Amino acid sequence: AQTVTQSQPEMSVQEAETVTLSCTYDTSENNYYLFWYKQPPSRQMILVIRQEAYKQQNATENRFSVNFQKAAKSFSLKISDSQLGDTAMYFCASIQGAQKLVFGQGTRLTINP
Amino acid sequence: DVKVTQSSRYLVKRTGEKVFLECVQDMDHENMFWYRQDPGLGLRLIYFSYDVKMKEKGDIPEGYSVSREKKERFSLILESASTNQTSMYLCASGQQYEQYFGPGTRLTVT
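The rules behind each value
Residues numbered from 1 in each chain as written. Chains lettered and ligands numbered in written order. Predicted model: local features only at pLDDT ≥ 70, side-chain atom pairs only at ≥ 80, totals over all residues. Heavy atoms only, no water. Helix = DSSP H or I, 4+ residues; strand = E, 2+ residues; numbered from the N terminus. Rg over C-alpha atoms; globule rule 2.2 N^0.38 Å. Buried < 20%, exposed > 50% of the residue type's maximum accessible area, 1.4 Å probe, protein only. Contact = heavy atoms within 4.5 Å. Areas by Shrake-Rupley, 256 points an atom, 1.4 Å probe, with all protein chains shown as cover. Pairing = 2+ DSSP bridges. Axes fitted to C-alpha atoms, helices over the stretch in contact; angles between N-to-C directions. Core = buried A, V, L, I, M, F, W, Y, C linked by side-chain atoms within 4.5 Å. Buried area = accessible area lost by both parts, 1.4 Å probe. Salt bridge = Lys/Arg side-chain N within 4 Å of Asp/Glu carboxyl O. Polar contact = N/O pair within 3.5 Å; in protein donor to acceptor, adjacent residues only side chain to side chain.

Chemist: Could you give me a rundown of the overall build of chain B, with the residues and numbers involved?
Modeler: Along its length, chain B carries zero helices and eleven strands. Starting at the N terminus and walking to the C terminus, you meet the elements of chain B as β-β-β-β-β-β-β-β-β-β-β. Its C-alpha atoms give chain B a radius of gyration of 13 Å, near enough to 13 Å, the size a compact globule of 110 residues would have. Along the first, second and third principal axes, the C-alpha set of chain B runs to 35 × 25 × 25 Å. Buried residues in chain B amount to 49% of all 110 residues. Partitioning the contacts of chain B with sequence separation of at least 6, the portion at a separation of at least 24 is 54%. Of the accessible surface of chain B, which amounts to about 5,400 Å², a share of 48% is contributed by carbon and sulfur atoms.

Chemist: An account of the sheet that holds strand β3 (residues 19-25) of chain B is requested, with residue identities and associated values reported.
Modeler: Sheets are built from strands paired through backbone hydrogen bonds, the pairs being either parallel or antiparallel. All names here are of chain B. Strands sit in the order β1-β3-β8-β7 across an open sheet of four strands; the sheet is antiparallel. The sheet is open, and its two edges are formed by β1 (4-6) and β7 (64-70), each paired on a single side. Ignoring which end each strand starts from, the neighbouring axes of this sheet average 20 degrees apart. The pairing of β7 with strand β8 (residues 73-78) spans five bridges and is classified as antiparallel. Bridged to serine 67 within β8 is serine 75.

Chemist: Can you explain the nonpolar core? Please cite residues and give values.
Modeler: Trp36, Phe75, Leu77 and Tyr90 of chain A are the most contacted members of the largest nonpolar core, which has 25 residues in total. Put simply, the parts of the chain that give this core at least two residues each are β3 (19-21), β5 (33-39), β6 (46-52), β8 (64-69), β9 (74-79), β10 (88-96) and β12 (107-112) of chain A.

Chemist: Please set out the interface of chain A and chain B residue by residue, giving values where relevant.
Modeler: By a widespread convention, an interface's size corresponds to the accessible area lost as its parts come together. Between chain A and chain B, the contact holds 18 residues from the first and 21 residues from the second. Across the interface of chain A and chain B, roughly 1,800 Å² is buried in total on both sides, 52% from carbon and sulfur atoms. Inspection of the region where chain A meets chain B yields one salt bridge. Residues glutamate 98 of chain B and arginine 50 of chain A are paired through a salt bridge, measuring 2.8 Å at the closest nitrogen-oxygen approach. For the interface between chain A and chain B, the tally reads four residue pairs in polar contact (both at pLDDT 80 or more). Looking at the side of chain A that touches chain B, the elements that each hand over two or more residues are β5, β6, β10 and β11 (100-103) of chain A. Ranked by residues supplied to the side of chain A that touches chain B, first place goes to β5 of chain A with four residues.

Chemist: Describe the environment of glutamate 10 of chain A, and please don't skip the residues or the numbers.
Modeler: All names here are of chain A. In this fold, glutamate 10 is placed in strand β2 (residues 10-14). Among the residues examined, glutamate 10 registers a relative accessible area of 62% and is labelled exposed. Placed 36 residues apart in sequence, glutamate 10 and isoleucine 46 show a C-alpha to C-alpha distance of 19 Å. Every residue in contact with glutamate 10, bar those within four places of it in the chain, is listed here: Thr107 and Arg108.

Right, dumping it as C-alpha cells:
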C-alpha cells in the first residue's frame, strides 16, 4: 500500500525567506504521480505542483519547486521569496493506478511579516 | 474554472441522525471522491465513484454510504451519525491525475 509521510507538523518563517517542506513516500509502483496541495485558512484546497515519477527533471511553478529524489522516495517542496499569502496547510500526496490520492499528515506553514 | 460545491460549510447534527452531505461539480468529470480531514491524519478517502451509479470503498468506509444518481452529483450519507464522525468532509472531482476540491463541510455530531 502507498504511504506518504510529512514529518514537520508546523513550520514558521519570515516573509521573503526560503522554506522547504519535507515529504517521503513509499510505493512499489514505477509509474506514479506526486503532488503538493495548499489549503489556506478557511479556503479550498488547491494544487500547487505536480511531479510525474518517470520525469527526472524537477517540476517548477513560479516560486514553488520540488526536489524529487526517486531512489530515496523523497519529494520536498521549496518556496522561494515566501509571501504572507503562502500561509496555509500543505499536503503532500501520491497517486497511482486507480486515481486514488494518498495524503500525508500535512504541514502547517506560517509566514510572518 | 472548475467548480466543486458542497451543500453546507458548517453542520451540527445529533447522535443517531441520518446525515446527507451533497457535492456538485460542473466540469463533467467522471471521477468523484469523498475524504475526511482530521488533524494529524491528513485526508483519508471514504468512498469514490468512477461513473454514475458506481461506487468503490476507500480506506475508511465504515459508517458511511454514498449515492451517485447523476454524473455531477455525489452524496455522502451517514446512516446513523456518531460523535467520532465529527470532522471536516471534503469532496473532490477529477479526471486522469488531477483532482479539484470543494470548500469542505465541517460536521459536528453532538
